[in-house]
Amino acid sequence: MPRTEKKHRKRRLEVQSLESRQMMAGDATSSHLGPHNETSYFIESSQVVEGKLGDQAPAGVRLRRTGKITETVPFDIQVKDGTAKARDSDYAARSFRVTFPAGQSSIWIPITVFGDNRYEPHETIQVTARGPVRRGPFGIPLAPSASGTLTVLNDDPLPSTTVVPLTGDMTVSEGDYGHQRLSFLFAPNRPSSNETVVRVRTQNGSARAGDDFTSVDTILRWAPRDVEPKSVDVLVTGDLNYRDRWRESFQVVIEPANNNTRVPQGNSISVTIVDNDEEPIGPLPSLVFDRIREAEGPKGQRIAQATLRLTHPAIHQIGIKYQTITGGGNGNATAGDDFREIGGQVIFYPGQTEHTIDIPILGDNLVEADEFFHVELLGDANRVRIPNPKLGVSLINDDDSISSAEIATFLNGTWWIDSGNGSSAERSVQFGLPGDVPLTGDYNGDGNLDLVAVRDNYATGMLDWYFDYSADGTLDQTLHYGLIGDEPVAGDFNGDGVFEATVVRPNYWTGGLDWYIDLDHRGFAAEQITRFGNIGDTVVPGDFDGNGRTDFGVARKEGQFLRWYLDTAGDGVFAERDAVFGLATDQPLVGDWDGDGDDDFAVARKTPQPGIVDILLDLSDGDDREEEKRLRYDWGEVTFLSL
């Protein structure tokens, strides 16, 4: 390679290397290259103390050059915003030109900084310098440039704002009842560039929080430059106690809650409460009342009134506080189910001797025992005597027990039978084994209901029926009918007065339910097969039209509810009647609950109380979706049936 070409190639590499260094250094340093050496330019950053309002601090930065300094070079200077702002009068922005004389290595760039009395963070001013564009080796354009920073140091102390109370010490009369509101105003004495925060709290003196006034402990905040007054309320409590001190006092204290805030010396407001109660003259009146006995009533709310009386008029006002209570010795009625909780105060004014209290009573259709609760009474012992502080309220159950069918359940071979008044069983019968399916009906035609236990016989693959015709636990007859997997049901499907052994079998070919009825009472074979209902329905046969013949019936879950489909024609073609009663989670039941000769709907429903189940009875023959009566049992989660 010729010597000249090698020399030019080396020079190009030097230029590329310099350009790379310029790109890495950014605006802080820029260089101008001569033919055989280079000149570098940079600005030395500096600091200046801001000064007070009206001061103009002498400040600036120095533009320096190194390398070849024999040339005269002009530079355009720009002084511009960093975090300091010219529009906020922090400094004087300007653009101007300076010139490096030949042989001079630095130039001072003056900057005017304006002082103030405002606390603020340190701020910066940006300075840039740019020289003329010149042609470098091989015609490459180069322009020297540099940038730097002047930091303005804040010398103003953190400002403080004093929050002063605008309300002075006060004296108030105590009063006899309730509360009187006292308002205390506070405000900063001047705007602040920072948030102003104080804590305001009450402090006991001879007056005590809870007895004489309500305790307060709160924070007040003002945004920067906000000086609007803010208030804190304290409630003073009235009473009738003439034995109080004549004068009692407490303080409202103000305290700073951040470094920017001050409070005045003696940072509290004194509040004096003057007692206005006079010693009563003569014997104290007594509060008397009559115990309330109310019929519970149907479902819904009604009002029972309690009358409170004074044995003789009082000279001063008398306040009586009242509150419903229950539980334990205070009653077995339940708030929210049997009554609504109430509480408040009645005032007997001088000369008055009688007051009434309204007590909301919640009726229901539940057959249950009588219940009671109390209304607790409280008065000032200095003004009134209350010999009995508990007013009793008795709720008399007016829901009759069911008049015909009985409720029963079968558990581990034992029948528990209730006559229809709820709560507990009046008798039990041991008949059957755990796992048997219980049924009831008149299977021998004597006019009495019999107990039946149906059991899987794995030796034959059939169902064995065991009959107790006297309902006393004695086995009177057995029958083999149906297959394991069938559902045994009770019913007199031909209306001859004698129940037939009947099973319901799902037909997976049609998706329906097939009813197999043993009309000759001999077992083994069915004399009648009727199809009614769908797989998944709950079977609910019953005499719903009162004609003496059991109708085919199913209860089907539709959304949240149970819809009952009844084939009163007995032909399995379609349902002549349907009605909605109960929820999809209920267990449907059938029985003649009101003794009118036709069967009614019912459902067993779990309550939120563990082990408690309600039986809801529809005595309207499906005309509405409402219960007309309710029974409650604590028998646990068992299967219920009717007798």
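Nothing here was measured: the structure is a model prediction, and the numbers come from that model.

Rules behind the numbers
Within each chain, residue numbers correspond to sequence positions counted from 1 in written order. Note on the predicted model: pLDDT of at least 70 is required for a residue's local features to be given, and 80 or more for side-chain atom pairs to be given and counted; whole-chain, interface and lining totals, by contrast, use all residues. For side-chain calculations, the full set of non-hydrogen atoms in the structure is used, while hydrogens and water are omitted. For this analysis, a salt bridge means a side-chain nitrogen from Lys or Arg found within 4 Å of a carboxyl oxygen belonging to Asp or Glu. Here a strand is any run of E in DSSP of at least two residues, a helix any run of H or I of at least four, and the numbering for each starts at the N terminus. Pairs of strands are assigned from DSSP output, requiring at least two bridges between the strands. Here the axes come from fitting lines to C-alpha atoms, over the contacting stretch only for helices, and the angles between their N-to-C directions go from 0 to 180 degrees. The contact criterion used throughout is that any non-hydrogen atoms of two residues lie within 4.5 Å. Each residue carries a pLDDT score, the predictor's own confidence in it, on a scale running from 0 to 100. Pairing of aromatic side chains requires ring centres within 6.5 Å, counting the rings of Phe and Tyr and the six-membered ring of Trp. Pairs whose planes differ by under 30 degrees are stacked, by over 60 edge-to-face, and all others tilted. Throughout, exposure labels follow a simple rule: accessible area from a 1.4 Å probe, protein chains only, divided by the maximum for the residue type, with under 20% read as buried, over 50% as exposed, and the rest as partly exposed.

Tallying each qualifying case throughout the model produces 18 salt bridges. Between Asp76 and Arg97 there is a salt bridge, and its shortest N-O distance comes to 2.9 Å. Residue Asp76 is found in strand 5 (residues 73-81), and its partner Arg97 is found in strand 6 (residues 94-100); the two are separated by 21 residues along the sequence. When the shortest N-O distance is used, the salt bridge between Arg199 and Glu255 registers 3.4 Å. Taken together, the residues Arg199 in strand 15 (residues 196-203) and Glu255 in strand 18 (residues 247-256) connect sequence positions 56 residues apart.

Quick look at the sheet that holds strand 20 (residues 268-274) now. The strands that make up a sheet are held in pairs by hydrogen bonds between backbone atoms, and each pair lies either parallel or antiparallel. Spatial strand order, 13-20-18-15-16: 5 strands in an open sheet with mixed pairing. With partners counted over all chains shown, the strands left at the sheet margins are strand 13 (170-173) and strand 16 (217-222), one partner each. Sheet twist, expressed as the mean angle between neighbouring strand axes with direction ignored, is 20°. As defined by bridge partners, strand 13 adjoins strand 20 across 4 bridges and the pair is classed as parallel. Within strand 20, the residue paired with Thr171 across the bridge is Thr272.

Before going further, it helps to examine the side chain of Thr568. Positionally, Thr568 belongs in the loop between strand 43 (561-567) and strand 44 (577-583). With sequence-adjacent residues up to four places away left out, Thr568 is seen in contact with Asp545, Arg549, Asp551, Glu576 and Arg577.

The predicted model of the chain has a mean per-residue pLDDT of 84, with 87% of residues at 70 or higher. This stretch, residues 1-37, has a pLDDT under 50; its non-local contacts, to residues over four places away or in other chains, come to 48 contacts.

All chains considered together, the criterion is met by 15 aromatic pairs. Measuring from centroid to centroid gives 4.9 Å for Tyr41 and Phe75, while their planes differ by 55°, and the two rings are tilted. With a gap of 34 residues between them, Tyr41 in strand 2 (residues 38-44) and Phe75 in strand 5 connect regions that are remote in the sequence. Of the two residues, Tyr41 and Phe75, neither departs from the other in class, the shared state being buried. Measuring from ring centre to ring centre gives 4.9 Å for Trp515 and Phe552, while their planes differ by 70°; the resulting arrangement is edge-to-face. You can see Trp515 sitting in strand 39 (residues 512-518) and its partner Phe552 sitting in strand 42 (residues 552-558), a full 37 residues away along the chain. When its relative accessible area of 0% is taken as the criterion, Trp515 is described as buried. Joined through ring pairs, the aromatic side chains of Tyr443, Trp465, Phe467, Tyr469 and Phe499 make up one cluster.

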